[in-house]
Amino acid sequence: MKLRRALQVLAVLLLFAFAVMVWFYLSGRSVVSQREGVQRGEEVYASHDCTDCHLAAHILKQKREKNEVGLIRVRKNAADLVQFLSSDERHKTFVMISAGDRDDLIAYLRSLVMTAK
Ligand code: HEC
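Everything numeric in this text was worked out from a predicted model, so none of it was measured.

Rules of the game
Residues numbered from 1 in each chain as written. Predicted model: local features only at pLDDT ≥ 70, side-chain atom pairs only at ≥ 80, totals over all residues. Heavy atoms only, no water. Near = heavy atom within 4 Å. Polar contact = N/O pair within 3.5 Å; in protein donor to acceptor, adjacent residues only side chain to side chain. 1 Å grid on protein atoms, 1.4 Å probe; cavity = no way out; pocket = protein on both sides within 12 Å on 5 of 7 lines; lining within 4 Å. Sits in = over half its atoms within 2 Å of the grid points. Helix = DSSP H or I, 4+ residues; strand = E, 2+ residues; numbered from the N terminus. Nonpolar A, V, L, I, M, F, W, Y, C, P; charged D, E, K, R; others polar. Donors = N, O, S within 2.8 Å, 3.2 Å for Na, K, Ca; no water. Tetrahedral: all angles 85-135°; square planar, octahedral: opposite > 155°, others 65-115°. Phe/Tyr/Trp six-rings, centres within 6.5 Å; stacked < 30°, edge-to-face > 60°. Buried < 20%, exposed > 50% of the residue type's maximum accessible area, 1.4 Å probe, protein only. Lys NZ or Arg CZ within 6 Å of the ring centre and 35° of its normal. Points joined across faces, edges and corners; volume = space filled by probe spheres on them. Core = buried A, V, L, I, M, F, W, Y, C linked by side-chain atoms within 4.5 Å. Contact = heavy atoms within 4.5 Å.

1. Let's talk about the site of the ligand
Neighbouring the ligand are 17 residues, the closest being Cys50, Cys53, His54, Arg75 and His91. Contacts to the ligand include histidine 91, whose side-chain N or O atom sits 2.7 Å from a nitrogen atom. Judged by its atoms lying within 2 Å of the grid points, the ligand is housed in the largest pocket. Every element with two or more residues in the shell around the ligand is listed here: helix H2 (50-53), helix H4 (78-87) and helix H5 (99-111). Per-element accounting of the shell around the ligand gives the leading share, three residues, to H4. Of the residues belonging to the shell around the ligand, the class tally is 10 nonpolar, three polar and four charged.

2. Quick word on the coordination of the iron atom of the ligand
In this structure, His54 (NE2) and His91 (NE2) serve as the protein donors to the iron atom of the ligand, at separations of 1.9 Å. Taken together, the six donor atoms coordinating the iron atom of the ligand span angles of 88 to 179° at the metal, a pattern that classifies the geometry as octahedral. A residue pair is termed long-range when its members are at least 10 positions apart, and histidine 54 in the loop between H2 and helix H3 (57-65) and histidine 91 in the loop between H4 and H5 qualify at 37 residues.

3. So, unusual backbone geometry
Non-glycine residue asparagine 67 carries a positive phi angle of around 60°. Looking at the secondary structure, you find asparagine 67 in the loop between H3 and H4.

4. Brief notes about the packing of aromatic side chains
Inspection of the entire model under this criterion finds two aromatic pairs. A ring pair is formed by tryptophan 23 and phenylalanine 24, whose centres lie 5.3 Å apart and whose planes are at 75°; its orientation type is edge-to-face. With respect to class, tryptophan 23 is no different from phenylalanine 24; both count as exposed. Arginine 75 extends its terminal NZ or CZ atom over the ring of phenylalanine 84, reaching a point 3.6 Å from the ring centre.

5. Points about the layout of surface pockets
Approximately 490 Å³ is the volume attributed to the largest pocket. Lining the largest pocket are 21 residues, with His54, Leu71, Phe84, Leu85 and His91 sitting closest to its centre. Broken down by secondary-structure element, the contributors of at least two residues to the lining of the largest pocket are H2, H4 and H5. Classifying every residue of the lining of the largest pocket by side-chain character gives 13 nonpolar, three polar and five charged.

6. Some details on the nonpolar core
If you look at the biggest cluster of nonpolar residues, it comprises 17 residues, and the most contacted ones within it are Tyr45, Leu81, Leu85, Leu105, Ile106, Tyr108 and Leu109. For this core, the secondary structure elements donating two or more residues are helix H1 (2-46), H3, H4 and H5. Looking at which element gives the most residues to this core, the answer is H5, with four residues. If near-sequence neighbours (up to four positions away) are discounted, leucine 105 is found in contact with Gly41, Val44, Tyr45, Phe94 and Ile97.

Listed below in structure tokens is the structure:
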């Protein structure tokens, strides 16, 4: 009977350890994929007409390092920004970018500093 109890405790501990491992794996991965999205978003930004009017990606990177505001000054909410870029005449290339690339582009723009110190 004692052995059985010990095995039950062991089984519960193993299940718990497994759950913790899965959790670490999943949370680690989502951080990585978020970072990859931002990186791809920078490429989307650099490969469309955005830099005709806005700063080049490498300048924006320097600004981020210095904690200076990037592109977003007004529409700090993601939904408002998407709404603006989708409907503004000067941003008509935005709707021609694929949905996946657009998501990455938004993640990139929002990864730049949004509020002045
Ligand atoms: C023809 C010039 C032009 C092009 C091309 C252009 N923009 Fe803009 N963009 C502007 C102007 C002007 C504003 C400021 C308008 C405003 O805030 O009402 C602006 C504002 C923005 C903002 C700030 C919005 C905010 O809420 O502060 C973002 C982000 C942005 N553009 C991203 C982009 C991206 C991404 C592209 C490429 C897909 C792009 N722009 C292409 C002219 C341009």
